[in-house]
Every structure is written in C-alpha cells, then in structure tokens.
Amino acid sequence: MVQGRVLVVAGSDPSGGAGLEADQKVLAAHQCYAMTATTALTVQNTKGVTGVHVVPAEFVGRQIDAVVEDIGVDVVKTGMLGSVETIDVLSDMIEKHNLTTVVVDPVMVSTSGAQLLPREAIKHLSSRLLRRTTLLTPNVPEAELLLAENGLLRVELGPAWVLVKGGHVPFRASDMTAVGAEDAEDAVVVDVLVGPGGEVVKVQSKFQTSTSTHGTGCSLASAISARMSQGKDIPTAVRAACRYIAAGIQTAPQLGGGNGPLNHFHSSYALPFSPGHFIEYLLKRPDVQPVWKEFVHHPFVMAMGNGTLPLESFKGYIIQDYLYLVHFARANALAAYKAKNISDIQRSNDIVGHIVREMDLHINYCKSFGIPEEEIQATEELQGNTHRPRMMLAAHPATVREQRANTYWPWIETYGAADYVEAVRLGSDIIERNISLCSPSRIEELVKIFIHGTRMEIGFWEMFPAK
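Attention in this report is confined to the structure presented alongside it.

Thresholds applied
Residues numbered from 1 in each chain as written. Predicted model: local features only at pLDDT ≥ 70, side-chain atom pairs only at ≥ 80, totals over all residues. Heavy atoms only, no water. Helix = DSSP H or I, 4+ residues; strand = E, 2+ residues; numbered from the N terminus. Expected span 1.5 Å × (residues − 1). Buried < 20%, exposed > 50% of the residue type's maximum accessible area, 1.4 Å probe, protein only. Contact = heavy atoms within 4.5 Å. Polar contact = N/O pair within 3.5 Å; in protein donor to acceptor, adjacent residues only side chain to side chain. Phe/Tyr/Trp six-rings, centres within 6.5 Å; stacked < 30°, edge-to-face > 60°. Pairing = 2+ DSSP bridges. Right-handed = clockwise from strand over helix to strand, strands pointing away. Axes fitted to C-alpha atoms, helices over the stretch in contact; angles between N-to-C directions. Parallel < 35°, antiparallel > 145°, perpendicular 65-115°, else oblique. Left-handed = near helix turned anticlockwise from the far one by under 90°. Nonpolar A, V, L, I, M, F, W, Y, C, P; charged D, E, K, R; others polar.

## Here's the deal with helix H13 (residues 342-368)
Side chains three or four residues apart in an α-helix point the same way, a direct result of the helix having 3.6 residues per turn.
Right, on to step 1. Taking 1.5 Å per residue, 27 residues should reach 39 Å; H13 reaches 40 Å between its end C-alpha atoms and fits that length.
Right, on to step 2. Along H13, the positions that sit buried rather than exposed are Asp344, Arg347, Ser348, Ile351, His354, Ile355, Glu358, Met359, His362, Ile363, Tyr365 and Cys366.
Right, on to step 3. Residues of H13 that are buried in the fold lie against helix H12 (311-338), helix H14 (373-378), helix H16 (409-414) and helix H17 (418-435).
Right, on to step 4. The opening residue of H13 is Asn341, an N-cap whose side-chain oxygen sits 3.2 Å from the backbone nitrogen of Ser343.
Right, on to step 5. In the stretch just after H13, Gly370 is the one whose phi turns positive, near 80 degrees.

Structure below.
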C-alpha cells in the first residue's frame, strides 16, 4: 500500500547509486510513491563523474507541472539542480502549486570531487529556494560553502530546520573530539538537527570505515522525505532515516571499484524500524510512551529510589519477585528449547544462569531483613504475580538519595551491575535478532503485548503501597 507521495527534483546517476535512481529505491523501500523531474543527465560510476548534461529549465518546469496537477505531491525533495535557471523555475513551481513541504539536499560537489552546482548558483539557491525550504540537509563541506556565501544558515536563509550531517567529521566516542577517518576505529558520527526556537536534536551513530558511501546524502534526504510524507514529525523522520542509512552502509553490496552504493533494500521494508533498532522504535511509539513513562516514573520506583518506600512494602515485593523468578527461568528455558540455532540456545541458557544468581541475591537480601529462605518458599504466590511479565527496575537518577541514607541502595545497585546489564543485553540481542523475521501484523501484536505486560507490572507494584 502506497504511503506518501514524494516528488524528487534532481539529476540522474546511470550507476544507480545516487541521484534519482537512489532516491526512487529509498522511497520504494519506505512504501512511498516516487515521482521525478530530471534536472540533469550525468556520465558517472563509482569512480567519478565525467560528464553533465543540464536539462533545460523550462522542461524541468513542465515535468513538475505534469505530476503535481495530476497525481499530487506531499513532499518535494531536491538534489542536483545544476543551474541558476533551474533554481528559478523550481522556486516558481513551489510557489505556483503551494507546495508547503520541501526538503533540500544542497548537492554541490560529488563524493569524487566533481562540481555539480556552479559557484554562482550557490548564492541564488540561498536567495530563492531556501526561504521556501522546510528542511535543509547539508554535509559539513556544503554547510561551509553556504556559510561562506551567506552567513547563518537557519536564521538568515529561512529554512525552518537544518540538519548538518556529520559523516565527514567523526568524533572519538570517549571525549567527543574530532578524529581523522584513519583513526576512527571507535569513533561516532553525530548528525545535528536545529529547528524553530533553537531546538537541537543530535543523532549519534557508530562511524563505519567504508567505501560504500556513494549517494548517502541523496538517500538520507529521501528517507527523511518518505517519513515526512507519512506524517512523521521532522525529528522522528531524521532519526529513523539516520538508522536506515547506517544499516545501508553496513550491509552494502560492495559494488564498483570506487565509492560504491548502499544497500537500499536491507530489511523487510514493511517493517517500521531498521535492523537492530526495534527496542528504540518500540519505546518511541506514541502508543507505548504514556505507559512506559508511567512505568519508569511509578511512585513505587521513585520511592525506592529516594529511600522512602515502606519497609513492609519492599519485603512483600521482594518475596513475590523471588517467586516470580522461578516462572521467568522456566520461560527462558522454554525459549532455549524452542530456539532454532545453538547461538540462541546458549543465550537463553545464559539468561537462566543470570536469573539463578539474581535469586541468590534475593535470598541474601531477605536474610538481612530476618526473612529465612524457608519463609520465602512457604509464602503463597499472589495471583497478580503469576501473570506479570519480567520488567527491568530502574530508579530515576533525579530521585536517588545519598546512597548511605537509602536502605534499598544495595538492591538498586544490583540492577546496574555488570551481571544484570549483561543479562539485559543478551535478552535484547535475542529480540533484535529475531524481530526482523516477524511480519508487520505480528509486530503490532507484540507491541500490544508489551503495553499490556507493562500495565501488569505497574499493577503488581500497586499491590505494595509506596507511602
């Protein structure tokens, strides 16, 4: 089913890695309907651009008229424009058809160094097109060119949002200082989005040493346009697009003898997240966020964090939690039995080992309150405990009192310790590795189960008064 109509006004790349060809692949991957107005034909491959034929601007305008008047457009995405005249015509078309959502990728220089926009056209781009722009997506060299010509990008030139792409300037993860690509083994890329009112959103990704970067700018802007055409807000669209591009580089097909193309079709394209980012997507969903916020900031959790939780409530909770861990261990043992490969069997087995160690912590902690193991075993399991899911307890940093004054601090520490963090990592890895095999409808079912399970955990906490 088509979700969103995007008109791409850009040049053609016969090698298929950038330009209109890459844009259409990205939009197809996002289930959008792609339309094109061709501004230039190029002679290029992964090694470079050796020829450019600019399409007459009047003909570009006729292409835009044809698709807008018939099919309609939700988002206009621009790439290589090629000439002052094309910039003028495009600006006139945007105004004529009242095209209100425009994403401008200011293509000026190719990856191989070829000039794709005449120097005199840069000023014209700024004065005519950028004031009609919703989102501008320069890389660092392009941002420098625009700044050299015009000064401040967002304030003076008019785009509502500016995304400065950080792929040309990796940072050392430990101290966020710039490093060269040759020293970027543990580096990160930071894409910086600036919007109205000075809103700043940073999207951090692992830097990948790769030659498969042909068309990354085109592809990123098209991925953002796709999400925007489907009604996503700009920060959400940018974050999802950055994840999409990172996965495209990671799984690139290694074609050509120069800067090769991405893998534009790296996942099941009906899935609303990129591989390895399901949990991030889950917790950002509008239907999940309210219950997740209630869970993270629940009075029981806050009271434990600041040490004001009544001791009797904590005792009741820890005993029931111990009894529940038996069921949780069984569930993971069953997962190991049903796993289809030895790696997942081992992971589930490791999680059971972590649970056993967690149960030992429960026993020792109960002993400190004068509750022997026999009493724990003899306690009747509450009905609400039997059906609750296993959720991670985490005290919000803003609520944690000075550690020595908090009776529950040793308990809280166990959930930040290496053993528990490793158990969470193992469980998360199993989820991320298997979730991409699910159908979209199954994923929606799992999201509903997660929401219901989170509410059940909240209900469990509410059996023990926080005051």
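## Details of the packing of aromatic side chains
Right, on to step 1. Tallied over the full model, the rule gives 17 aromatic pairs.
Right, on to step 2. Summarising the aromatic geometry, the rings of Phe278 and Tyr281 are spaced 6.3 Å apart at their centres and angled 45 degrees between planes, so their arrangement reads as tilted. Taken together, the residues span about one helical turn, with Phe278 and Tyr281 both in helix H9 (residues 278-284) at a distance of three residues.
Right, on to step 3. Phe278 gets classed as buried once you look at its relative accessible area, which sits at 6%.
Right, on to step 4. One aromatic cluster in this structure is built from Trp292, Phe295, Phe300, Phe314, Tyr317, Tyr365, Phe369, Tyr408, Phe450, Phe460, Trp461 and Phe464.

## Some thoughts on the pairing of strand E1 (residues 5-12)
Right, on to step 1. Counting buried positions along E1 gives seven out of eight residues, so the element sits mostly inside the fold.
Right, on to step 2. Inspection of the sheet shows E1 paired to strand E2 (residues 33-45) by eight bridges, in the parallel sense. Residue pairing across strands places Arg5 opposite Tyr33, the latter belonging to E2.
Right, on to step 3. Traced from E1 through helix H1 (residues 19-29) to E2, the parallel crossover comes out right-handed.
Right, on to step 4. Pairing geometry for E1 and strand E4 (residues 75-78), over four bridges, is parallel. The residue bridging Val8 from the neighbouring strand is Lys77, located in E4.

## What to know about the packing of helix H10 (residues 289-296) against helix H18 (residues 440-461)
Right, on to step 1. One can describe the packing of H10 onto H18 by two numbers: an axis separation of 10 Å at closest approach and a directional angle of 25 degrees. The orientation of H10 relative to H18 falls into the category roughly parallel. At the point where H10 passes H18, the crossing takes the left-handed sense. Of the residues in H18, those in contact with Val291, Trp292, Glu294 and Phe295 of H10 are Phe450, Ile451, Thr454, Arg455, Glu457, Ile458 and Trp461.
Right, on to step 2. Class assignment for the residues of the contact of H10 with H18 results in seven nonpolar, one polar and three charged.

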